Amino acid sequence: MKINLKTAMLFMAGMAMAFTSCSDDDDAPVDNGKPSVDKVFTQGLPKAVDGARFKVNAAGQLTEYKSDNNDVYTFEYGSFTRAESFDVKMTEKNTDYPDEGSTIYMKLNKQGFVTYALQVYNVPPYSSYAPEDEEWWFDYDKDGHLTYLKRTEGGDEFKVTYSGGDAVKVVQDETDGDHREYTIAYTNAAHKSVVPNKGCIMLFDEALGIDMDEMAPAYYAGLLGKATTNLPMGSTTKGIEGGSSYTSTSNYGWTLNAAGLPLSFYEETEYGKEGEINFVW
């Protein structure tokens, strides 16, 4: 059977689309200040994550992240000046405590990801304590994976090593000398083969040990790099705290829908499932 050139080209294009993953490198230029969620969430942004719901504008940019406990994060894109120029402004507050919270100003690289952030805390009128501004620094590999995070709070510094698009090791150091190394596994007793990360979920804190705090919602705005190729299934932690060393192991579980998108994540412990996070698509 003869296959003409046009048919062959269409077949190859279709195959390329079929194998597109969350971690594929996107060489298309990104305008600073104008990222979009579909650059990270190639299968579409979830409708809800752990009760939090999203609003996206016509340009495909996340404008609001609202949790089920009234924490609201709003995103603005453009040019914002606070001693220097920034590309994104994220305001976080709880509607039950509107005088508290903070504003986080972000600078983006050519990939559209945050490289530097300045967090300015609100000072309620009834408070005599003014928290110091916090700073954050980020770096990424050529494929858009987060490889480095440093923040002034606690002097935390994280370095992430990848293999095949998966974060396999996270090293955390603090100014007080505490040190932790997380080795991430992508198979376990329940999943003897890797499970593709079709939903492009990246649970920095819960699965990788990377402490994001108020920056965590920025991932769902497509601002903190791309997800791992596969879903993490556990981790082994070797740490030194206060001069004492320890080792601990965590085992993760996921439930998936018929399309392979995650419906829940949890840690499997001797007491059962803990820290469950649910996803709606």
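The preceding data block contains the structure.
For every chain, the first residue of its written sequence is number 1, and the numbers climb from 1 along that sequence. Side-chain atom pairs in this predicted model are given and counted only at pLDDT of 80 or more, local residue features only at pLDDT of at least 70, and totals for whole chains, interfaces and linings cover all residues. Hydrogen atoms and water are omitted, and side-chain values are computed over all heavy atoms in the structure.

1. Re the overall build of the chain
Phase 1: Note on conventions: DSSP H or I runs of at least 4 residues are helices, E runs of at least 2 residues are strands, and numbering of each starts at the N terminus. When helices and strands are counted, the chain shows 2 helices and 16 strands.
Phase 2: Think of it in three bands: with a 1.4 Å probe and only protein chains considered, a residue is buried below 20% of the maximum accessible area for its type, exposed above 50%, and partly exposed in between. Looking at the chain as a whole, 45% of its 281 residues qualify as buried.
Phase 3: Only the protein chains shown count as covering a residue, and every accessible area follows the Shrake-Rupley method with a 1.4 Å probe. Put simply, the chain shows about 14500 Å² of open surface, and 51% of that area lies on carbon and sulfur atoms.

2. Focus on unusual backbone geometry
Phase 1: Here the phi dihedral of Cys-200 falls at roughly 60 degrees; this positive angle occurs in a residue that is not glycine.
Phase 2: Relative to the assigned elements, Cys-200 resides in the loop between β12 (179-185) and α2 (204-208).
Phase 3: Here Asp-213, not a glycine, exhibits a phi torsion of approximately 50 degrees, which is positive.
Phase 4: Note on placement: Asp-213 falls in the loop between α2 and β13 (234-241).

3. Focus: empty space enclosed by the protein
Empty space among the atoms becomes visible once a probe the size of a water molecule is rolled across them.
Phase 1: Throughout, the protein atoms alone are placed on a 1 Å grid, and a set of points is a cavity if a 1.4 Å probe fits but cannot get out or a pocket if it is open with protein on both sides within 12 Å along at least five of seven lines; lining residues have an atom within 4 Å of a point. Grid points are joined across faces, edges and corners, and a volume is the space filled by probe spheres set on the points. For the structure on display, the rule yields 1 cavity of 30 Å³ or more.
Phase 2: Within this model, the largest cavity holds a volume of roughly 50 Å³.
Phase 3: Looking at the largest cavity, the residues that line it are Ile-201, Met-202, Leu-203, Ala-207, Leu-208, Thr-228, Pro-232 and Trp-254.
Phase 4: The residue makeup of the lining of the largest cavity, split by class, is 7 nonpolar, 1 polar and no charged. In this count, Pro and Cys sit with the nonpolar residues alongside Ala, Val, Leu, Ile, Met, Phe, Trp and Tyr, while Asp, Glu, Lys and Arg are called charged and the others, Gly among them, polar.

4. Observations regarding the layout of surface pockets
Phase 1: Size it by volume and the largest pocket reaches roughly 390 Å³.
Phase 2: If you trace the largest pocket, you find 20 residues lining it, with Asp-50, Tyr-65, Glu-206, Ala-216 and Tyr-220 closest to the centre.
Phase 3: Put simply, the parts of the chain that give the lining of the largest pocket at least two residues each are β4 (71-81) and α2.
Phase 4: Partitioning the lining of the largest pocket into residue classes produces 12 nonpolar, 2 polar and 6 charged.

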